[in-house]
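In case you want the letters, here they are:
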Amino acid sequence: ELNAFGRSLGDLQKASSELIAPLAAPFTLLAGAGAFSITKAISSYTELADTLDKASIRTGVTAEALQALHFGAVQSGMSADEMDKALIKLSAEMGKAASGQNQNLVAMFKHLGINLHDANGHVRSAADVMNNLAQAIKNNESPAARMQILNAAFGEELGARLIPLLQGGAEGLAEYKKQAEELGLVMSSEEIQKALSLIHISEPTRRTP
């Protein structure tokens, strides 16, 4: 398993003892009980960091905010992949609205009192707007009104899937974020970058034949 990274566990510890040290103690106890392998745990940790980093880039959402939304999505019957697609769709539609290509969304945001741009004139983050949309869903209990809002932002398929997540409003999203953090399910940007450095360091050196 460690050969897949091209380094021994000792090499990885030397490369980033600051990252592995907090993991090693509890993992050692579990490994001693035959629960699982420390090397597998570290491998999974770095793979997760890589996945989150790429998803953050694709969605335009910070890794911390993305993980909280992933947690809320899964708790609400969605998958993390569906949440990523929803955020990408929302960002795309907001971009169209900003360029005048989606007047339906412009009108919807205006009706709901949602700002498309931030104080600096930039199109807002999809994660930030999710709080506004969640509050709009909570305030509008009519199924038809909810679907009209969500279809304009996410399309019909994803819009319907988001209702359980958003019906608690901005407060509901904040609660999911709090739960995810309390459960230790949110890696900080700094932790992700440290894990990514492990992947870089552990890649085997390629030799020219």
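Scoring rules and cut-offs
Residues numbered from 1 in each chain as written. Predicted model: local features only at pLDDT ≥ 70, side-chain atom pairs only at ≥ 80, totals over all residues. Heavy atoms only, no water. Helix = DSSP H or I, 4+ residues; strand = E, 2+ residues; numbered from the N terminus. Buried < 20%, exposed > 50% of the residue type's maximum accessible area, 1.4 Å probe, protein only. Areas by Shrake-Rupley, 256 points an atom, 1.4 Å probe, with all protein chains shown as cover. Axes fitted to C-alpha atoms, helices over the stretch in contact; angles between N-to-C directions. Parallel < 35°, antiparallel > 145°, perpendicular 65-115°, else oblique. Contact = heavy atoms within 4.5 Å. Nonpolar A, V, L, I, M, F, W, Y, C, P; charged D, E, K, R; others polar. Expected span 1.5 Å × (residues − 1). Core = buried A, V, L, I, M, F, W, Y, C linked by side-chain atoms within 4.5 Å. Polar contact = N/O pair within 3.5 Å; in protein donor to acceptor, adjacent residues only side chain to side chain. Salt bridge = Lys/Arg side-chain N within 4 Å of Asp/Glu carboxyl O.

A. Structural detail: the overall build of the protein chain. Tallying secondary structure elements over the protein chain gives 11 helices and 0 strands in all. In the protein chain, the succession of helices and strands from N to C terminus is α-α-α-α-α-α-α-α-α-α-α. Across the 209 residues that make up the protein chain, the buried fraction comes to 37%. For the protein chain, the computed accessible surface area is about 11,600 Å², with 52% contributed by carbon and sulfur atoms.

B. Structural detail: the packing of helix H7 (residues 126-139) against helix H9 (residues 156-166). Between H7 and H9, the least distance of the axes is 10 Å, while the angle of their chain directions is 85°. As judged from the angle between their axes, H7 and H9 are roughly perpendicular. Contact with H7, carried on its side by Met130, Ala134, Ile137 and Lys138, involves Leu162, Leu165 and Leu166 of H9 and no other residues of that element. Residue composition of the contact of H7 with H9, grouped by class: 6 nonpolar, no polar and 1 charged.

C. A look at helix H8 (residues 143-154). For H8, spanning 12 residues, the distance from its first C-alpha to its last is 16 Å, which sits close to the expected 16 Å at 1.5 Å a residue. For H8, the complete set of buried residues consists of Arg146, Ile149, Leu150, Ala152, Ala153 and Phe154. If you follow the buried residues of H8, they end up packed against helix H5 (80-98), helix H6 (103-112), H7 and H9. Looking one or two places after H8, you find glycine 155, whose phi comes out positive at around 90°.

D. Seen up close, helix H10 (residues 169-182). Spanning 14 residues, H10 covers 20 Å between terminal C-alpha atoms, matching the ideal 20 Å at 1.5 Å per step. The secondary structure elements touched by the buried residues of H10 are helix H4 (63-75), H7 and H9. Where H10 ends, the next residue or the one after it, glycine 184, has phi of about 75°, a positive value.

E. Summary view of the environment of valine 123. Along the chain, valine 123 turns up in the loop between H6 and H7. Classification of valine 123 by relative accessible area gives partly exposed; the value is 35%. Taking the C-alpha atoms as reference points, valine 123 and alanine 98, 25 residues apart in sequence, are found 7.2 Å from one another. Among residues more than four places away in sequence, those in contact with valine 123 are Met94, Ala98, Leu116 and His117.

F. Structural detail: the nonpolar core. Counting 39 residues, the largest nonpolar core has Leu90, Met130, Leu133, Phe154, Leu162 and Leu166 as its most contacted members. Of all elements in the fold, only H4, H5, H6, H7, H8, H9 and H10 reach the threshold of two or more residues within this core. Counting residues in each nonpolar core, the second largest holds 8 residues, with Tyr45, Ala49, Ala63 and Leu196 among its members.

G. Examining the side chain of glutamate 93 more closely. Here glutamate 93 shows up in helix H5. Looking at glutamate 93, the relative accessible area reads 9%, which means it is buried. Separated by 2.6 Å, the side chains of glutamate 93 and asparagine 102 make a polar contact. Residues within four places of glutamate 93 in sequence aside, it is in contact with Asn102, Leu105, Ala152 and Ala153.

H. Structural context of the pattern of salt bridges. The tally for this structure, following the rule as stated, stands at 9 salt bridges. The partner of glutamate 82 in a salt bridge is arginine 161, and the shortest N-O contact between them spans 2.9 Å. You can see glutamate 82 sitting in helix H5 and its partner arginine 161 sitting in helix H9, a full 79 residues away along the chain. For the salt bridge of lysine 89 with glutamate 93, the shortest nitrogen-to-oxygen distance reads 3.1 Å. Remark: glutamate 93 and lysine 89 occur in helix H5; sequence separation between them is 4 residues, near one turn of the helix. Taking relative accessible area as the criterion, lysine 89 reaches 32% and is therefore assigned partly exposed.

On their own, these measurements won't tell you what the molecule is for.
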